[in-house]
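Chain and residue survey
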Amino acid sequence: MDVQAGRTVPDGGWGWVVVAAVAVINMTNQSILSVFGLLFEGQLRMHEDTFTAALITNLNSLALNFSGLFIGPAIKSFKPRNVAATGCLLVSIGLTLCSFATESWHFIVGYSFFVGFGLGLISPSTFMAINSYFSSKRGRAVGVSLAGAGVGQVFIPHMVRYFLENYGFRSAVLAMAALSLTGLLGAIFLRPLNPLVSHNNHKHLTLIADKEDKKQSKDLQAIIVLPAQTNNALKPAELKEDSSMCSKMGHRLAQAMDLELLKDIVFWSIIVGMALVYTATINFTLVFPNFLKHTAGFDSKSVATCMSVVAGADIVFRLLLPCITDRLRIPYRVVFLLGIVGLLVARLLLVQTTSLPLIIAMSVQVGMTKSATVINNNLTISAYCRSEKLAGGLGLSMIAKGIIVIIVGQLLGWVRDYSKSYVICLYAQSVVLLLVVVVWTPEIYYRYRKQKHHTSKSMETTYMPTEQGEPLNSRA
């Protein structure tokens, strides 16, 4: 679906410069999430207390996703470039605060809220910047920009390990804070394609206020003209008008957030399923380094190597997968589902071995299939929602992720602490992924059969006059 209907989309040109700029921003900011376990393991004593670490990462995701409540007005009012730059600054400030942290609540303030909120500003603003320049090549552009985060996941674990071993925790976190500031260089190139004239929030609020002032002035004139004896009779009417005004404001809010999408059960299935996969992925990123270190018995160099292998496979398939799926015309949601199945199989095989070659092979599969879910996340929403409902659909999807990650994510952390086993925690993640597969597969198959039946029926209707011996253009 072309979200930019009615506008000239170059499908390239300066858009590729924007893609490169977004890749730089993702490389220096979004990839920081992948090294949380490696960076904060010693300070948070994650091997002893997974619950606190899970709380910090889940609150981070909560802040990141609930920024979707007001990210739309922010982008419209201040442009994607300024919003992305603000996000980079907040990430850097949050990491700087974490470098001086001594208590768990210090990490919650610095990492959960500052870093989470900053990343929440970066992700949709950079997506909107790319979205305005591309139509048919949008999948490839998104894949290339997200590959920047994968590039960061390749070298940042080694950078973190180097600073931790040679300079200590504080220097390592400050180095990450300085690295996130380089995203400001990328934000400079996020030039908007056209001025954003679709909606002016300040003007809209001013018009609403003017309308209410006019209504109040008319009511005041009516009260002055009418006799004083009728003042008591006006009170029920005024209460009715106040109720009507609240109803109108609620209706406007529902329209602004596109809440009517929640009437669609398929949309619920999409956003909840993607939120569950998102939660399982975050939890895997948290426990994977510790699984390799404490269950498989690897040293820090081998752990960093496995994490880099995951990131390397992720990069390659973020670049290749959109080209393949666009050529074969595979629906975005089907690709997402295949990615879930791949992640499920990789987890089940990963917990069965401690052999380095086999774990590296499974790391490759994790990276490959993870790319399918990351690339097709927003694309799945854009394929299902109409263009005018896309912004609301993306916002509701972010809110669903924020709610589910704090509930299911904390449950997965509790499973790890209660069982004291990373293997059981990976099995719990597999159950979450299996639930999505079980719910999505029959529905996608049913919709496919229904669409195929509708297509064949339309073809029969088209060829019916010819089968009866009557020419199709007999009235011509």
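The paragraphs below set out a description of the structure included in this document.

Cut-offs applied
Residues numbered from 1 in each chain as written. Predicted model: local features only at pLDDT ≥ 70, side-chain atom pairs only at ≥ 80, totals over all residues. Heavy atoms only, no water. Core = buried A, V, L, I, M, F, W, Y, C linked by side-chain atoms within 4.5 Å. Buried < 20%, exposed > 50% of the residue type's maximum accessible area, 1.4 Å probe, protein only. Helix = DSSP H or I, 4+ residues; strand = E, 2+ residues; numbered from the N terminus. Domains from an automatic or database assignment. Contact = heavy atoms within 4.5 Å. Polar contact = N/O pair within 3.5 Å; in protein donor to acceptor, adjacent residues only side chain to side chain.

**Some words on the nonpolar core**
Of all hydrophobic cores here, the largest spans 108 residues; its most connected members are Phe 40, Leu 95, Phe 288 and Ile 381. Of all the elements, helix 11 (residues 265-295) adds the most residues to this core, at 17 residues. When we break this core down by domain, the ones giving at least three residues each are domain 1 (11-193) and domain 2 (258-455). Counting residues in hydrophobic clusters, the runner-up holds six residues, among them Ile 71, Ala 74, Ile 75 and Val 83.

**Re unusual backbone geometry**
Despite not being glycine, Arg 329 has its phi angle at roughly 60°, a positive value. Residue placement: Arg 329 occurs in the loop between helix 12 (300-328) and helix 13 (332-350). Residue classification places Arg 329 among the exposed residues on the basis of a relative accessible area of 74%. Of note in this structure, Lys 420 is not a glycine but carries a positive phi near 55°. Tracing the backbone shows Lys 420 in the loop between helix 15 (390-419) and helix 16 (422-467).

**Points about the environment of Leu 95**
Mapped onto the elements of the fold, Leu 95 is located in helix 4 (residues 71-99). Through-space distance from the C-alpha of Leu 95 to that of Ala 175 is 9.2 Å; in sequence the pair is 80 residues apart. In contact with Leu 95, other than residues within four places in its own chain, are Ile 32, Tyr 111, Val 115, Val 173, Met 176 and Ala 177.

**Here's the deal with the side chain of Ser 308**
Mapped onto the elements, Ser 308 comes out in helix 12. A polar atom in the side chain of Ser 308 sits 2.9 Å from the side chain of His 158. Once you skip the residues sitting within four places of it in the chain, Ser 308 turns out to touch Gln 153, Val 154 and His 158.

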